[in-house]
Each structure stands twice: as structure tokens, then as C-alpha cells.
Amino acid sequence: GAVAPLEADREQHSVAGTWRLAGAILRLPERALLVTDRPDAFLEHVADGLEALLPVRVEISWASLDMDPPAPTMPHHQRLNVELNEAPYALLDVLSVSPLDEHVRFSLEHLSADLTFHVDALTVRRMRRVVRELRAAMTSGADMESAAYSAVEVARRHMEAEAAVLLLSTSSQLKPLA
């Protein structure tokens, strides 16, 4: 008779731990939003969080680079499709040597939809910020050259490029404007 309560305790503890883990998985996007506002860095942060929570490896394939993503390299996996404006953006392959718990798989399915929502929202937020900065840069210049230079600088900074040039096409020639 003393074994049954102990077994029930262990099972209840296991269920509570599973639900805590599922909640932690679903809170990963919230934590990632505190760290970055770039969609790519956001997904990388979530992937790192999954690797910290679970005995898994997460591989990210970017739709712009990997038109045909590689097949998962471990026997147990779950693929999270992330979209941007209803088009493929990235795949997160959650890879494990052992089967994933059904609650973890369920949480990962919901995480995929959350990631798409947040990638869309982050992208719209970034585009609005760039448009505001471009508008301010274009109206702050005393002449067309200084306005163009300011606009190119805004674009360069947001694209994280080392240099940028704005070319003006005039009668089949390209003339540097800024």
C-alpha cells in the first residue's frame, strides 16, 4: 500500500515538470524579443533557448539561402516552418537522438506559429522605423545631394553594410548621387 502514493507523487511531479517545460518553450519568443529586434537574430536566440531547455540541436535553414534545405541528420526531429508575409522565411529543425515527449512536440507546433507571428511583427516594426528615418533624412537636407547622402546613410546603417552608394540613371549612364 505504501508504493501507490509514492508512484502517484512521482507521476504528478513528472506531469508538473512536463507542463513547466512546455511553458518555458512557449515563453522563448517573449525572452528573445527582449534581446533583439532583428528577425534573424530573434530566431537564432529562440534556437539557442531550445538547445538550453531540451537535449536537442537546432539547425536553421534560411529560405533566401537554402532553397532545398538538407534532410534532418538525426533520427528524431521536428521541423518548424517560419514564414514572413505568408512566404517561407526559415526552417528550424529540432533534432534529437531520442524521441521528443508528446507535450514537447505539441509545444513546438505552437511555437512555430508564434515565431511566424513575431517575425512578421518585427519586420513591420523595422520597416516603419526605416521609413520614418528615411523621411526625416530626406526632409532634413538643405539640397538634393545632402538629402540623398542622409538617405543612403540610413539605408547603409539598417542593412548593416560597410558602404553604400546611390546611383542616378541618366541617359543610359549611372551617375553617383550619394
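Scroll up to find the structure this text is about.
So, how was this worked out
- Residues numbered from 1 in each chain as written.
- Predicted model: local features only at pLDDT ≥ 70, side-chain atom pairs only at ≥ 80, totals over all residues.
- Heavy atoms only, no water.
- Salt bridge = Lys/Arg side-chain N within 4 Å of Asp/Glu carboxyl O.
- Buried < 20%, exposed > 50% of the residue type's maximum accessible area, 1.4 Å probe, protein only.
- Helix = DSSP H or I, 4+ residues; strand = E, 2+ residues; numbered from the N terminus.
- Core = buried A, V, L, I, M, F, W, Y, C linked by side-chain atoms within 4.5 Å.
- Contact = heavy atoms within 4.5 Å.
- Polar contact = N/O pair within 3.5 Å; in protein donor to acceptor, adjacent residues only side chain to side chain.

1. Considering the pattern of salt bridges
Alright, step 1. Summed over the entire model, instances satisfying the criterion amount to seven salt bridges.
Alright, step 2. Linking Asp 40 and Arg 38 is a salt bridge whose minimum nitrogen-to-oxygen distance equals 2.9 Å.
Alright, step 3. Overall, Arg 38 belongs to the partly exposed group, its relative accessible area being 25%.
Alright, step 4. As a salt-bridge pair, Glu 153 and Arg 156 come within 2.6 Å of each other at their nearest N and O atoms. Pair noted here: Glu 153 and Arg 156 are both in helix H4 (residues 144-158), with a separation of three residues, about one helical turn.
Alright, step 5. In this structure Glu 153 comes out as partly exposed when scored by relative accessible area, which is 28%.
Alright, step 6. Through salt bridges with shared partners, a single network forms among Asp 37, Arg 126 and Arg 129.

2. Observations concerning the nonpolar core
Alright, step 1. With 25 residues, the main nonpolar core has Leu 43, Leu 50, Leu 108 and Leu 115 as its most contacted residues.
Alright, step 2. Breaking this core down by element, the ones donating at least two residues are helix H1 (3-33), helix H2 (39-53), strand E1 (57-62), strand E2 (76-84), strand E3 (87-96) and helix H3 (102-140).
Alright, step 3. The leading source of residues in this core is H3, at six residues.
Alright, step 4. Those residues in contact with Leu 43 that sit more than four places away from it in its chain are Ile 60, Trp 62, Val 82, Tyr 89, Ala 90, Leu 92, Leu 115 and Val 119.

3. Notes on the side chain of Asp 93
Alright, step 1. Structurally, Asp 93 is set in strand E3.
Alright, step 2. Here Asp 93 falls in the buried class, since its relative accessible area comes to 1%.
Alright, step 3. A polar side-chain atom of Asp 93 sits 2.6 Å from a polar atom in the side chain of Arg 79.
Alright, step 4. Every residue in contact with Asp 93, bar those within four places of it in the chain, is listed here: Arg 57, Val 58, Glu 59, Pro 70, Pro 72, Gln 78 and Arg 79.

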